[in-house]
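# Summary of structural features
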Amino acid sequence: MSQATTTQPPSSGPATSSGPNAAAVASAYTSALEVIAAVEPDVAAAIKGELANQRRQLKLIASENYASPAVLLAMGNWLSDKYAEGVPGHRMYAGCEMVDRVETLAAEHAKALFGADHAYAQPHSGIDANLVAYWAILAKRVELPALEEAGAQHVNDLPKDAWDRLRHAFNDQRMLGMSLDAGGHLTHGFRPNISGKLFDQASYGVDPGTGLLDYDAIARQAREWRPLLLVAGYSAYPRNPNFAVMAEIAEEVGATFMVDMAHFAGLVAGKVLTGDFDPVPHADVVTTTTHKSLRGPRGGMVLCRGEYAPFVDKGCPMVLGGPLPHVMAAKAVALAEARRPSFAAYARGIVDNARALAEGLSRRGAKLVTGGTDNHIVLMDVGASFGLTGRQAESALLDAGVVTNRNSVPADPNGPWYTSGVRMGTPALTTLGFGPSDLDEVAAIVTDALRATQPASATSKAKYTIDAAVAEACRRRCAELLAAHPLYPEIHL
Ligand SMILES: Cc1ncc(COP(=O)(O)O)c(C=O)c1O
């Protein structure tokens, strides 16, 4: 296993600071922006503007984070120029030695970090990782038996009638995944996504009284539905699913068990989620993003048991475009960072901060889905708490300097566009060095802003008014918190 080559930020400072490398990072960005500005000044201006925006607003978007300068810099270079279809040591292009090196490093770091048999670092995003996983599962469970039955080695060897039967069989498989309004993701078999067009999907929800997963109900549904594939994982569920129990359900009905840990991969990496709550030992296939709580570059990954590895490795060109070597390099850097003890402290901080946010909101009268949180997410019912739609609350919070996103709550009366909820998460603020007392002040800002917000009319679910003086005071308080916890403090643009 190669050793990490990045410099660890000082434990007292924000994880976005480069510690002893601060001067080098500052000059790297100043120089890079000069070079870009000489060709297209508007792009250089937009890059500077984005940093200014991110420094101005409290980022409570649960799926966002701040990658370290080392991760960001690993992406901006000539690795980007290389074509590398295939896998390390087995490519369709010559001259891939360095791509092999970074892809192998990313996979080795991922295997060691998560204890996985196999890791595939090529997916360009979480959606792509799920597509790779679905097609790998279909290849193993549907295509391989069809090839064996026909005595063929490859789909190209099948006669037309056998191929037609196989094509229809792909489309005839069942999936069971978490419902959208319980916190599931569109890629878990919903019609607007290709997974819903591919699979015949049924979804499990949460207990209407508690908002929690009901494993007995899921088991009953699985016995009836008999899916080929059981999917766990969420975008907006503030508790930790028990993957050992879900794996037993999958095994009983003969389903492949897949977990999409896109949101909580950082909590798995940081060993906050262990035992029954760590998906890797329990699932056949685990997919993830690398840019949310894992704090790497924008991208995805698939981890799997050895028996699925040859199928997962065919992700490109099955469903993926050519690999992005520069992003795989950044994944290797981020995974090296995540293997350090400081990342475990970071992961614990995310959860402590989420709990402080939830307690601060509840103490000030806000109603939270499931009554609180055990992970990085707090889902606030703004309809029940403040008489607002999610859309109105999201916009008012932005006026107050807080970036969130609206989200459905279970059995949401306002549907998936306007919603009745606001989802908040603590990975980004924890990266900046925020602690529980800061999150209590964030809870105060959020509730003050929403108490000062009213629907503008009885008919519009989008229009609202917010008291301008309160919004201004909230922005000032956000600025004070952010000044105490600066983003990339060494970069002066
Ligand atoms: C559970 C889950 N899976 C997959 C994705 C998709 O990730 P990406 O946006 O990287 O494609 C998301 C992101 O929203 C997610 O929350």
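Structure: see above.
Because the structure is predicted, anything quoted here is derived from the model rather than measured.

This next bit is on the sheet that holds strand S10 (residues 300-304). Ordered by their spatial adjacency, seven strands build an open sheet running S4-S10-S9-S8-S7-S5-S6, and the pairing between neighbours is mixed. Every other strand in the sheet has two partners, leaving strand S4 (118-120) and strand S6 (200-204) as the edge strands with one partner each. The average angle at which neighbouring strand axes cross in this sheet is 20 degrees, direction not considered. In the sheet, S4 pairs with S10 via three bridges, with the strands oriented antiparallel. In the sheet register, Ala119 faces S10, and the bridge partner there is Leu303. Across the sheet, helix H5 (residues 126-150) touches S4, strand S7 (229-232), strand S8 (256-260), strand S9 (285-289) and S10, and the angle it forms with S9 is around 165 degrees. Each of strand S5 (174-178), S6 and S7 is contacted by helix H8 (residues 215-225), which is oriented at about 160 degrees to S6, the strand it contacts most.

Another point: the site of the ligand. Every one of the 13 residues lining the ligand counts as a neighbour, but Ser125, Gly126, Ile127, Ser235 and Ala262 are closest to it. In terms of residue class, the shell around the ligand is built from two nonpolar, 10 polar and one charged.

Further remarks concern unusual backbone geometry. Leaving glycine aside, a negative phi is the common case for residues, and trans is the common case for peptide bonds. Following Cys316, the chain continues to Pro317 via a peptide bond in cis, the omega torsion being 15 degrees. With respect to the secondary-structure elements, Pro317 resides in helix H12 (residues 315-318). Despite not being glycine, Arg226 shows a phi value in the positive range, around 50 degrees. If you trace the backbone, Arg226 turns up in the loop between H8 and S7. Assessed through the 11 C-beta atoms surrounding it within 10 Å, Arg226 is described here as exposed. Even without glycine at this site, Thr370 takes up a positive phi of about 70 degrees.

Take the sheet that holds strand S14 (residues 421-425) next. The strand order across the open sheet formed by three strands is S11-S14-S13, and the pairing between neighbours is antiparallel. Each end of this open sheet is capped by a strand with a single partner; those strands are strand S11 (377-381) and strand S13 (405-407). Each strand of the sheet is rotated relative to its neighbour by a mean of 35 degrees, with strand direction disregarded. Where S11 meets S14, five bridges bridge the pair, whose relative direction is antiparallel. Opposite Val378, over in S14, you have Met424 as the bridge partner. Sheet strands in contact with helix H14 (residues 341-363) are S11 and S14, and its direction is about 20 degrees off that of S11. Where helix H16 (residues 390-399) meets the sheet, its contacts fall on S13 and S14, and the angle it forms with S13 comes to roughly 165 degrees.

What counts, and where the lines are drawn
Residues numbered from 1 in each chain as written. Predicted model: local features only at pLDDT ≥ 70, side-chain atom pairs only at ≥ 80, totals over all residues. Pairing = 2+ DSSP bridges. Helix = DSSP H or I, 4+ residues; strand = E, 2+ residues; numbered from the N terminus. Axes fitted to C-alpha atoms, helices over the stretch in contact; angles between N-to-C directions. Contact = placed C-beta atoms within 7 Å. Near = placed C-beta within 6 Å. Nonpolar A, V, L, I, M, F, W, Y, C, P; charged D, E, K, R; others polar. Buried ≥ 20, exposed ≤ 12 C-beta atoms within 10 Å, placed from the backbone.

Geometry only, nothing functional implied.
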